[in-house]
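The chain contents come next:
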Amino acid sequence: RPRGATHKHARANNPVDPLVPNYKLPSYELPPDATPKFIRDTLDVSDIDGTRSKPLYRFPTRENWEVRDIEGAKAGWKPRHKRVQKEGNPR
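It should be emphasised that the depicted structure is a prediction, and the values quoted were computed from it without experimental measurement.

> Which parts of the structure should I look at to understand the overall build of the protein?
Each helix and strand in the protein was counted, giving 1 helix and 0 strands. The buried share among the 91 residues of the protein stands at 0%. Accessible surface computed for the protein: about 11100 Å², of which carbon and sulfur atoms make up 52%.

Here you go:
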């Protein structure tokens, strides 16, 4: 290299402090999202008669977990003749 010539990658014009570097990084801004305009739902056929299915069950289901109507299904239940012996008048 001739005297006085600088290296082609030298940064003499742009000195950088290694302790507090200040870099100019490329920046980019995202464009706003283009949301499509809602015109109508083309798959909706609820306005046409006969396009809905019939209900699976014609009548509402009964409560089958209730046991009030079953005699002897309560805790502490005793048959009538046992209750009369314990709770009845003494003989």
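> Which parts of the structure should I look at to understand a negative patch on the surface?
On the surface, D41, D44, D47 and D49 cluster together into a negatively charged patch. For D47, the location among the structural elements is in the segment before α1 (80-87).

So, how was this worked out
- Residues numbered from 1 in each chain as written.
- Predicted model: local features only at pLDDT ≥ 70, side-chain atom pairs only at ≥ 80, totals over all residues.
- Heavy atoms only, no water.
- Helix = DSSP H or I, 4+ residues; strand = E, 2+ residues; numbered from the N terminus.
- Buried < 20%, exposed > 50% of the residue type's maximum accessible area, 1.4 Å probe, protein only.
- Areas by Shrake-Rupley, 256 points an atom, 1.4 Å probe, with all protein chains shown as cover.
- Patch = residues over 30% accessible without salt bridge, like charges linked within 9 Å, V, L, I, M, F, W, Y side chains within 5 Å.
- Salt bridge = Lys/Arg side-chain N within 4 Å of Asp/Glu carboxyl O.
- Lys, Arg positive; Asp, Glu negative; His and termini not counted.
- Charge placed at Lys NZ, Arg CZ, Asp CG, Glu CD.

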